[in-house]
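Breakdown of the fold
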Amino acid sequence: MKARWIITAVSAALFFGGSLLTSLRDPWFQNLQRPAWLTFEFLIPFIWIFIWVCITISAIIVWENSKNRPWLLMGMYAAIALLTSAYSPIVVELKSLIGGMIAGGLATIIVYILAFLVKPISQKASWLFLPYALWGPIGTYLTWILIQLNTGAAN
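Counting starts from 1 at the beginning of each chain's written sequence and moves along it residue by residue. Confidence filtering applies because this is a predicted model: local features only for residues at pLDDT of at least 70, side-chain atom pairs given and counted only at 80 or more, and all residues used for totals across whole chains, interfaces and linings. Hydrogens and waters are ignored; side-chain quantities use all the structure's heavy atoms.

Between rings of Phe, Tyr and Trp, where Trp is taken as its six-membered ring, a pair exists when centres lie within 6.5 Å; planes separated by under 30 degrees are stacked, by over 60 edge-to-face, and by other angles tilted. Summed over all chains, the structure comprises seven aromatic pairs. Ring geometry for tryptophan 48 against tyrosine 132: centres 5.2 Å apart, planes inclined by 75°, an arrangement best described as edge-to-face. Taken together, the positions of tryptophan 48 in helix H3 (residues 44–65) and tyrosine 132 in helix H7 (residues 130–149) put the pair 84 residues apart, joining distant regions of the chain. Relative accessible area serves as the criterion here: at 3%, tyrosine 132 is assigned to the buried category. Members of the aromatic cluster, each reached through a chain of ring pairs, are Trp37, Phe40, Trp135, Tyr141 and Trp144. Here arginine 34 stacks its cationic end above the ring of phenylalanine 29, 4.8 Å away from the centre of that ring. Helix numbers and strand numbers start at the N terminus; a helix is a DSSP run of H or I with at least 4 residues, a strand a run of E with at least 2. Three exposure classes are used, based on accessible area relative to the maximum for each residue type with a 1.4 Å probe and protein chains only: buried under 20%, partly exposed in between, and exposed over 50%. Sitting over a ring, as applied to charges here, requires NZ of Lys or CZ of Arg to be within 6 Å of the ring centre and within 35 degrees of the ring normal.

A few words on a nonpolar patch on the surface. On the surface, Phe42, Leu43, Phe46, Ile49, Val53 and Ile57 cluster together to form a nonpolar patch covering roughly 570 Å² of accessible area. Note on placement: valine 53 falls in helix H3. Residue classification places valine 53 among the partly exposed residues on the basis of a relative accessible area of 43%. Each patch groups residues whose relative accessible area exceeds 30% and which form no salt bridge, using 9 Å between like charges and 5 Å between nonpolar side chains of Val, Leu, Ile, Met, Phe, Trp and Tyr. Note on areas: these come from Shrake-Rupley sampling with a 1.4 Å probe, and a residue is covered only by the protein chains present in the view. Salt bridges are defined by distance alone: a side-chain nitrogen of Lys or Arg within 4 Å of a carboxyl oxygen of Asp or Glu.

Lines are fitted to the C-alpha atoms to define the axes, a helix being fitted only along its stretch in contact, and any angle between axes, read from their N-to-C directions, falls within 0 to 180 degrees. The interhelical angle for the contact between H3 and H7, taken along N-to-C directions, is 140°, at an axis separation of 10 Å. Judged on the interaxial angle alone, H7 and H3 are oblique. At the point where H3 passes H7, the crossing takes the left-handed sense. Between H3 and H7, the contacting residues are Ile44, Ile47, Trp48, Phe50, Ile51, Cys54 and Ile55 on the first element and Pro131, Tyr132, Trp135 and Leu142 on the second. Broken down by class, the residue content of the contact of H3 with H7 amounts to eleven nonpolar, no polar and no charged. Oblique is the label for any angle not covered by the other classes, which are roughly parallel (under 35 degrees), roughly antiparallel (over 145) and roughly perpendicular (65 to 115). The crossing is said to be left-handed when, going from far helix to near helix, the turn is anticlockwise and less than a right angle, and right-handed when the turn is clockwise. Note on definitions: a residue-residue contact is assigned when non-hydrogen atoms from the two residues lie within 4.5 Å. Amino acid classes used here: Ala, Val, Leu, Ile, Met, Phe, Trp, Tyr, Cys and Pro are nonpolar; Asp, Glu, Lys and Arg are charged; the rest, including Gly, are polar.

Turning our eyes to something else, we now look at the pattern of salt bridges. Under the definition given, this model contains two salt bridges. Residue arginine 4 pairs with glutamate 64 through a salt bridge whose shortest N-O separation is 2.8 Å. Of this pair, arginine 4 sits in helix H1 (residues 3–21) while glutamate 64 is found in helix H3, placing the two residues 60 residues apart along the sequence. On the basis of relative accessibility, which here comes to 36%, the residue arginine 4 falls in the partly exposed class. What makes glutamate 64 partly exposed here is its relative accessible area of 41%. Its salt-bridge partner being glutamate 41, residue arginine 34 comes within 2.9 Å of it at the nearest N-O pair.

Here is the structure:
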C-alpha cells in the first residue's frame, strides 16, 4: 500500500477517533458560559476539518519528498494529531478546561516547530501548517476565556 494512503488512514483514524471517544455536544460542555463574541461556534468543526486535511497533505508531501524516511517528523505529526484529538476527551470526559488548554497549546507549539523543520524538505508542506498556526492560538485563547467565564468548571 502506498505511504500516502497509510498516512491518510492513520490521520482519519486519529481525527474520527477523538470525535468518537466523546462529543463537545455533551450537556456539561454545552452549558458552559461562552463569550459574547463567539458567534461562529458552528463553524469550528469545519475549520478543524480544513486544518486536518492541510496537516495530512503536509505529512504526505514530507514523506514523499524526504531522501530518508522522516520517522521523527512523522512522530511529530502524530503528536499534533494525538494532542488535537485528545482535546475533546480531556475537556468533556475529564471536565478539564485547563487540560484542554494545555493540550491545544502544546499541539500549537509543535506545529510551529514542525513547520520550521519541514521547510527545507518542502515549502508547500510548511505553508500547509498556516491554518493550524493561525487557529491554534485562537482555540487556545478561547479555552482560556472559557476557564475565566466558568471558574468552577475549569479544573
